[in-house]
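Commentary on secondary and tertiary structure
One letter stands for each residue in the lines below.
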Amino acid sequence: MTKTLLIVHHTPSPHCQEMFEAVVAGATDPEIEGVEVVRRAALTVSPVEMLEADGYVLGTPANLGYISGALKHAFDQSYYQLLDSTRGRPFGLYLHGNEGTEGAQRGVDGITTGLGWVKAVDTVVVSGKPTKADVEACWNLGATVAAQLME
Ligand SMILES: Cc1cc2nc3c(=O)[nH]c(=O)nc-3n(C[C@H](O)[C@H](O)[C@H](O)COP(=O)(O)O)c2cc1C
């Protein structure tokens, strides 16, 4: 059965877009079979889409030392629906920002620990223009979470 990887992202700038596109490219690599990749802007994702996914990539800038309001909103409206129904699912996280990315990381740690999600790959943190290595790390992040869903 096809599995679904849901990328929930807030992408307000070209640098964030570059990271997002690299994550998508990794997740949709032709070597990964049986995984459908669904991308949703964090302000538009529905709790049902969150429930129906098998794994997640979360992407956000650090805003005011925390995750963006957009990603926070995605969890504000889905957390209790997801609780106890999504335990054990793999996820990955990419962050963009200079200061306060630790706060964003802590925020996601708290949410995902509560949900019982399992971090499948180290968080990628980028500031400024993504380097070639940063883009590769984003590609690997997408590919690693998607590969976890292969049967
Ligand atoms: C309301 C708001 C708060 C922000 N707070 C932070 C922050 O705490 N730390 C930081 O490094 N960047 C902060 N930023 C900048 C964003 O993280 C930045 O726009 C994003 O990472 C994209 O970077 P770029 O414009 O270089 O592509 C903030 C942006 C906004 C709109």
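Details of the structure are given in the entry above.
Residues numbered from 1 in each chain as written. Predicted model: local features only at pLDDT ≥ 70, side-chain atom pairs only at ≥ 80, totals over all residues. Heavy atoms only, no water.

This part takes up the site of the ligand. Around the ligand, the neighbouring residues are Ser 13, His 15, Cys 16, Pro 61, Ala 62, Asn 63, Leu 64, Gly 65, His 96, Gly 97, Asn 98 and Glu 99. Take His 96: an N or O atom from its side chain is 2.6 Å from an oxygen atom of the ligand. Asn 98 places a main-chain nitrogen or oxygen 2.6 Å from an oxygen atom of the ligand. When the ligand is considered free in solution it has 620 Å² of accessible area, and contact with the protein chains removes 58% of it. For the shell around the ligand, the secondary structure elements donating two or more residues are α1 (14–27) and β3 (55–63). Residue contributions to the shell around the ligand peak at 3 residues, all from β3. Taken together, the residues of the shell around the ligand sort by class into 4 nonpolar, 7 polar and 1 charged. (Near = heavy atom within 4 Å. Polar contact = N/O pair within 3.5 Å; in protein donor to acceptor, adjacent residues only side chain to side chain. Areas by Shrake-Rupley, 256 points an atom, 1.4 Å probe, with all protein chains shown as cover. Helix = DSSP H or I, 4+ residues; strand = E, 2+ residues; numbered from the N terminus. Nonpolar A, V, L, I, M, F, W, Y, C, P; charged D, E, K, R; others polar.)

Let's shift gears to the packing of aromatic side chains. Counting across every chain of the model gives 4 aromatic pairs. Taken together, a centroid distance of 5.2 Å and an interplanar angle of 80 degrees make the contact between Tyr 79 and Tyr 80 edge-to-face. For the ring pair Phe 91 and Trp 117, a centre distance of 6.1 Å and an interplane angle of 50 degrees mean the geometry is tilted. Residue Phe 91 is found in strand β5 (residues 90–96), and its partner Trp 117 is found in the loop between α5 (101–115) and β6 (118–119); the two are separated by 26 residues along the sequence. Judged by relative accessible area, Trp 117 falls into the buried class, the value being 6%. An aromatic cluster is present here, built from Tyr 56, Phe 75, Phe 91 and Trp 117 joined pairwise through their rings. (Phe/Tyr/Trp six-rings, centres within 6.5 Å; stacked < 30°, edge-to-face > 60°. Buried < 20%, exposed > 50% of the residue type's maximum accessible area, 1.4 Å probe, protein only.)

Geometric values such as these leave the question of function open.
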